[in-house]
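# Structural overview for review
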Amino acid sequence: MGMTNKQFQGFIRLALGWIDKALEETPENKSLQALKDIFQSMLEDD
């Protein structure tokens, strides 16, 4: 059983929320910023 596109987009947004929270605590973390960029590129509406 796979994930629908809507579910996938929701998961990506959820993960981005947690990444943003982590970046607030450590904004200089380049690995987190790179991960955020990857996840952001996975969203259809950007």
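In what follows, the accompanying structure is described. Because the structure is predicted, anything quoted here is derived from the model rather than measured.

Assigned secondary structure in the protein consists of 2 helices and 0 strands. Overall size of the protein, expressed as C-alpha extent along the three principal axes, is 35 × 15 × 15 Å. Looking at the protein as shown, the accessible area adds up to about 3,700 Å², and 60% of this sits on carbon and sulfur atoms. In the protein, the 5 positive side-chain charges and the 8 negative ones have mean positions that sit 4 Å from each other.

To continue, consider helix 1 (residues 5-25). Taking 1.5 Å of rise per residue, the 21 residues of helix 1 would be expected to cover 30 Å, and the 31 Å separating its terminal C-alpha atoms lies within 8% of that figure. Of the surrounding elements, those touching the buried residues of helix 1 are helix 2 (30-42).

A separate point is the pattern of salt bridges. A complete count under the given rule lists 1 salt bridge for this structure. Lys36 serves as the salt-bridge partner of Asp20, at 2.8 Å between the closest nitrogen and oxygen. Of this pair, Asp20 sits in helix 1 while Lys36 sits in helix 2, placing them 16 residues apart in sequence. Residue Asp20 is classed as partly exposed on the basis of its relative accessible area, which comes to 30%. Judged by its relative accessible area of 22%, Lys36 is partly exposed.

Structurally, Arg13 is set in helix 1. Linking Arg13 and Leu43, residues 30 residues apart in sequence, is a C-alpha distance of 8.0 Å.

Analysis parameters
Residues numbered from 1 in each chain as written. Predicted model: local features only at pLDDT ≥ 70, side-chain atom pairs only at ≥ 80, totals over all residues. Heavy atoms only, no water. Helix = DSSP H or I, 4+ residues; strand = E, 2+ residues; numbered from the N terminus. Areas by Shrake-Rupley, 256 points an atom, 1.4 Å probe, with all protein chains shown as cover. Lys, Arg positive; Asp, Glu negative; His and termini not counted. Charge placed at Lys NZ, Arg CZ, Asp CG, Glu CD. Expected span 1.5 Å × (residues − 1). Contact = heavy atoms within 4.5 Å. Salt bridge = Lys/Arg side-chain N within 4 Å of Asp/Glu carboxyl O. Buried < 20%, exposed > 50% of the residue type's maximum accessible area, 1.4 Å probe, protein only.

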